Amino acid sequence: QVQLVESGGGLVQAGGSLRLSCAASGRIFSSYPMGWFRQAPGKEREFVAAVTWSTGYTVYTDSVKGRFTISRDNAKNTVYLQMSSLKPEDTAVYYCAAQDSRSRWNYWGQGTQVTVSS
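Keep in mind the model is a prediction, meaning the values are calculated, not measured.

Student: So what's going on with the packing of aromatic side chains? Residues and values would help.
Tutor: Under the definition given, this model contains four aromatic pairs. On the numbers, 5.2 Å between centres and 75° between planes, the contact of F37 with W105 is edge-to-face. Residue F37 is located in strand β4 (residues 34-39), and its partner W105 is located in strand β10 (residues 105-108); the two are separated by 68 residues in the primary sequence. The class for W105 is partly exposed, based on a relative accessible area of 25%. With centroids separated by 6.5 Å and ring planes inclined at 80°, the aromatic side chains of Y95 and W108 adopt a geometry described as edge-to-face. Of the two residues, Y95 is situated in strand β9 (residues 92-99) and W108 in strand β10; the sequence distance between them amounts to 13 residues.

See below:
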């Protein structure tokens, strides 16, 4: 099975930066994308960004474009989310996720809290 271990969350002031890491193990294949989601208090979980292992192709939700960067280190089986110019509205639990062979987000990390203060 696929296991995702997430780290890097914390408390930061508005305008600051954080880098989240997600170490993947198990049945990980280069053709299956990795991504980040987040869930703010009282809101549904939303897609943030995704990256492919092979080409590094990336996709972002509009609200984080220009501020967040998703990347991967294939040798370490690790995906990163570099978050800059953070806003209080970015406060959420952030989850690492991986797709299965049916392109479904079927594997999830434990989540890490990101809190951005005013």
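Student: Run through the pairing of strand β7 (residues 68-73), naming residues and quoting values.
Tutor: In this structure, β7 lies alongside strand β8 (residues 78-83), joined through six bridges in antiparallel fashion. Bridge assignment links D73 to a residue of β8, and that residue is T78. The antiparallel hairpin formed by β7 and β8 contains four residues in its connecting segment, where N77 sits at a positive phi of about 50°.

About the criteria used
Starting afresh in each chain, residues are numbered from 1 along the sequence in its written order. Only residues with pLDDT of at least 70 are given local features in this predicted model, and only at 80 or more are side-chain atom pairs given and counted; all residues enter the totals for whole chains, interfaces and linings. Note that water and hydrogens are dropped before the side-chain values are worked out from all heavy atoms of the structure. Between the rings of Phe, Tyr and Trp (Trp by its six-membered ring), a pair exists once the centres lie within 6.5 Å; its type follows the angle of the planes, with under 30 degrees stacked, over 60 edge-to-face, and the other angles tilted. Comment: elements are numbered from the N terminus, with helices defined as DSSP H or I runs of at least four residues and strands as E runs of at least two. A simple rule labels every residue: compare its accessible area, found with a 1.4 Å probe on the protein chains alone, to the largest value its type can have, and call it buried under 20%, exposed over 50%, or partly exposed in between. Strand pairing is assigned whenever DSSP identifies at least 2 bridges connecting the two strands.

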